[in-house]
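# Structural features, examined
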Amino acid sequence: MIEFHSVSKHYPDGTTAVSDFSLQIPAHRTTVFVGSSGCGKTTLLRMVNRMVDPSRGRISIDGTDISGQDVVQLRRSIGYVMQNAGLLPHFTVEQNISTVPRLQGRTRREARTRSLELMQTVGLDTAMADRYPHQLSGGQQQRVGVARGLASDPNILLMDEPFGAVDPIVRAELQQELIRLQRELDKTIIFVTHDIDEAFLLGDQVVILAAGAQKLQVGSPSQIIEAPANDFVSSFIGAERGARALSVKHTENGPVLIDGQGRTQGRLIQDGSGR
């Protein structure tokens, strides 16, 4: 479990990225930080592996204050996946994935075996192991990034807008892949996005943030949709515009559910009685 205890981050130029933020991140669940650009969500994420240290307050993992831990060992024990994958261009796919296991002392053979296993886990053909990042599609690069984040078998996985730079079809595939991986691997995931639909799809706990990492609402997707905390949250999630109101549309292939913007959300399944 990760806990933020009255955490603030102030920069020398007078900017306040985070102001008095407290939150409990439940273990083995996906928590999503969502909000507009500059609201402090990435700063919060990077505090967990001490890429950013708070100006005030503390962060603990399973009750232990991380400020007293060796920063290198801490970072190697936490998976980190960023936008645009952040792969080393002169390393092959296998070498990119095996970087952390090698730093942790595994032999080259052990690290390669682990890399090939992880390629299969994230849905990559192992025949790509000796290719370089520029030989892969954007979606494939992001899968390599996820595999690298999982390479040390971390309990915690930090994901900073990892699907923001790929096209919508690939993004949807990667989102479903992450749902599958979480179901199989049971990690504690903190996921950052500015897309509320992505937040509601992936998050067990969703944290809607305003400037300075001010918490506007924390809850499950259902709790937030059913009872927005205020008018801003209602507008942010699209409730005001009826964007999340579902209705039935009858088509040649049977009834489907559509949202307030006319987008199909799924098929309406009827039971044997026709209901």
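Our structure is the block above this text.
None of these values were measured; they are calculated from a predicted model.

## Regarding the nonpolar core
- One finds Ile97, Met159, Phe191 and Ile208 to be the most contacted residues of the largest nonpolar core, which totals 40 residues.
- Beyond its immediate sequence surroundings of up to four residues, Ile97 is in contact with Ser115, Leu118, Met119, Val144, Ala147, Arg148 and Ala151.
- Leu44, Leu45, Ile66 and Val207 belong to the second largest nonpolar core, which has 28 residues in total.

## Notes on the packing of aromatic side chains
- Enumeration according to the criterion identifies five aromatic pairs in this entry.
- With centroids separated by 6.2 Å and ring planes inclined at 85°, the aromatic side chains of Phe21 and Phe33 adopt a geometry described as edge-to-face. Taken together, the residues span a long stretch of sequence, with Phe21 in strand β2 (residues 16–25) and Phe33 in strand β3 (residues 30–34) at a distance of twelve residues.
- Residue class for Phe21 comes out buried when judged on its relative accessible area of 1%.
- Both rings, one in Phe232 and one in Phe236, keep their centres 6.1 Å apart while their planes meet at 15°; by these two values the pair is stacked. Here the residue Phe232 and the residue Phe236 both occupy positions in helix α10 (residues 231–236), the gap between them amounting to four residues, near one helical turn.
- Of the residues examined, Phe232 reaches a relative accessible area of 48% and is grouped as partly exposed.
- Ring pairs connect the aromatic residues Phe4, Phe21 and Phe33, which therefore count as one cluster.
- Note that Lys9 overlies the ring of Tyr11, its terminal NZ or CZ placed 5.1 Å from the centroid.

Cut-off values and rules
Residues numbered from 1 in each chain as written. Predicted model: local features only at pLDDT ≥ 70, side-chain atom pairs only at ≥ 80, totals over all residues. Heavy atoms only, no water. Core = buried A, V, L, I, M, F, W, Y, C linked by side-chain atoms within 4.5 Å. Buried < 20%, exposed > 50% of the residue type's maximum accessible area, 1.4 Å probe, protein only. Contact = heavy atoms within 4.5 Å. Phe/Tyr/Trp six-rings, centres within 6.5 Å; stacked < 30°, edge-to-face > 60°. Helix = DSSP H or I, 4+ residues; strand = E, 2+ residues; numbered from the N terminus. Lys NZ or Arg CZ within 6 Å of the ring centre and 35° of its normal.

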